[in-house]
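Now for the letters of each chain:
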Amino acid sequence: MGEECIHGLDYGLCDACFPKAVPDVAVAVVSKPRVTRPRASSLTSPRKPAAAGSLRNPPVEVGDQRIYHVTHVSNLASILSSGRLLADASDAWEARPSVDISSAETRESRRTIVVSDENDASVASYVPFFLSPAASVWLSVREQVADPRLSDAIRESIPSDYVILVSSVKSVVDSHDADADEREAAVVVTDGDAAHTLTRFATTREAGDRVLRKLRAEEDSVQILSAEYLVKDEFPIELVSLIGVANDRARDAVKAIVKASDFSTRVAVYPPWFMRAE
């Protein structure tokens, strides 16, 4: 809609400025029911489910799904300078991040887990994104609790030291060639932590869309909080539509970093993404 709140977020994204309306609940008058013998058909004929795409069960637009990449603010200048986010296993690294969120054990695990039998690329060959700003590993950073997935450096930082790079599934799809996606598994969707042995990988666009629809249909489940959206090799920084920060001080610092680069995007203050969970 083009409308923004005071935090710089799109209309409807900020729950603080655009709270959802409380639905009117009709008060029913309860009377004593009359006891009748049920018809035989009511015991044997199940109710038909709503058809896909109906008003009761509208189709899920997976392209609207936002994806989130968390990094320490000290890494931002080099990311913008290079114009891309690089996968851990990329040969294009000139200097590693100043602050690494992942523990050495997590890095090693992701370097050994292969995405599919048809593709020998490991999880580390992909740039990882969360599907929720409340992703479980990011919550561990926000809560400042011990988590084997996190590096020791995390204990010396606070949530406001980080930035969240935001894009969307549509932006990624539009930037990729469909045939290349199918041939090279350029984009992969997981139904859990990519380093977990029981996690399944959707390596085609059709399979990925199915996983995303299922996850979006169950937004209150814990599964979407551990699921990942993986982009092969590198992620162009121009696909980032928003950089989320914790407070005004962080916004000023990040705006200065962005201004010094060749990249331009919105920087938005949104404290709920950085606070402890309620």
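Here, the structure is the one placed above.
Structure report, in brief. All figures in this text were calculated on a predicted structure; none of them were measured in a lab. (Residues numbered from 1 in each chain as written. Predicted model: local features only at pLDDT ≥ 70, side-chain atom pairs only at ≥ 80, totals over all residues. Heavy atoms only, no water.)

### Quick notes on empty space enclosed by the protein
Regions of empty space are outlined by a rolling probe, equal in size to a water molecule, passed over the atoms.
And step 1. Across all of its chains, the model carries one cavity of 30 Å³ or more by this definition.
And step 2. Quantified by volume, the largest cavity comes out at close to 110 Å³.
And step 3. Those elements that place two or more of their residues in the lining of the largest cavity are helix 5 (169–175), strand 5 (187–190) and helix 7 (205–217). (1 Å grid on protein atoms, 1.4 Å probe; cavity = no way out; pocket = protein on both sides within 12 Å on 5 of 7 lines; lining within 4 Å. Points joined across faces, edges and corners; volume = space filled by probe spheres on them. Helix = DSSP H or I, 4+ residues; strand = E, 2+ residues; numbered from the N terminus.)

### Notes on helix 8 (residues 248–259)
And step 1. The first and last C-alpha atoms of helix 8 sit 16 Å apart over twelve residues, in line with the 16 Å expected at 1.5 Å per residue.
And step 2. Buried within helix 8 we find Ala-250, Val-254 and Val-258. Considered in projection along helix 8, the buried side chains sweep an arc of 70° and stay on one side of the axis. For helix 8, the exposed residues set more than 90 degrees away from the buried face come down to Arg-249, Asp-252 and Lys-259.
And step 3. For helix 8, the elements touching its buried residues are helix 2 (76–82), strand 4 (162–168), strand 9 (242–245) and strand 10 (266–269).
And step 4. Between the side-chain oxygen at the start of helix 8 and the backbone nitrogen of Arg-249 there is a gap of 3.3 Å, and the oxygen is on Asn-247. (Expected span 1.5 Å × (residues − 1). Buried < 20%, exposed > 50% of the residue type's maximum accessible area, 1.4 Å probe, protein only. Arc of directions from axis to C-beta. Contact = heavy atoms within 4.5 Å. Polar contact = N/O pair within 3.5 Å; in protein donor to acceptor, adjacent residues only side chain to side chain.)

### Re the packing of aromatic side chains
And step 1. Using the criterion set out here, one finds five aromatic pairs in the structure.
And step 2. Each ring, one from Trp-138 and one from Tyr-162, has its centre 5.7 Å from the other, and the planes form 70°; the classification is edge-to-face. Of this pair, Trp-138 sits in helix 4 (residues 136–143) while Tyr-162 sits in strand 4; the two residues are 24 residues apart in sequence, bridging distant segments of the chain. The pair Trp-138 / Tyr-162 is uniform in exposure class, with both members buried.
And step 3. Aromatic side chains Trp-138 and Phe-274 sit 5.8 Å apart centroid to centroid with 90° between the ring planes, which places their arrangement in the edge-to-face category. Here Trp-138 is found in helix 4, whereas its partner Phe-274 is found in the segment after strand 10, with 136 residues between them in sequence. (Phe/Tyr/Trp six-rings, centres within 6.5 Å; stacked < 30°, edge-to-face > 60°.)

### Quick notes on the pairing of strand 1 (residues 66–72)
And step 1. In terms of burial, strand 1 is a largely internal element, seven of the seven residues being buried.
And step 2. Side chains Arg-66, Tyr-68, Val-70 and His-72 of strand 1 all project onto a buried face; the interleaved residues Ile-67, His-69 and Thr-71 project onto the opposite face, where all are buried too.
And step 3. The pairing of strand 1 with strand 4 spans seven bridges and is classified as antiparallel. Bridge pairing in strand 4 links His-69 to Leu-165. (Pairing = 2+ DSSP bridges.)

### Overview of the pattern of salt bridges
When their charged atoms lie close together, side chains carrying opposite charge are able to pair.
And step 1. All told, the structure shown has 15 salt bridges when counted by the stated rule.
And step 2. Note that Arg-111 and Asp-88 form a salt bridge whose closest N and O atoms lie 2.6 Å from each other. With Arg-111 in helix 3 (residues 104–112) and Asp-88 in the loop between strand 2 (84–86) and helix 3, this pair connects stretches of sequence that are 23 residues apart.
And step 3. Take Arg-111: its relative accessible area is 40%, and that puts it in the partly exposed class.
And step 4. A salt bridge links Arg-110 to Glu-228; the shortest N-O distance between them is 2.7 Å. (Salt bridge = Lys/Arg side-chain N within 4 Å of Asp/Glu carboxyl O.)

### Considering helix 7
And step 1. Taking 1.5 Å per residue, 13 residues should reach 18 Å; helix 7 reaches 18 Å between its end C-alpha atoms and fits that length.
And step 2. Looking at the packing, one finds that the buried side of helix 7 touches helix 5, strand 5, strand 6 (201–202) and strand 7 (228–232).

### Notes on the pairing of strand 7
And step 1. Burial within strand 7 is extensive, with four of its five residues counted as buried.
And step 2. For strand 3 (residues 126–130) and strand 7, the ladder comprises five bridges, and the chain directions are antiparallel. By the bridge assignment for strand 7, Pro-128 is matched with Leu-230.
And step 3. In this structure, strand 5 lies alongside strand 7, joined through three bridges in antiparallel fashion. What sits directly across from Val-189, in strand 7, is Tyr-229.

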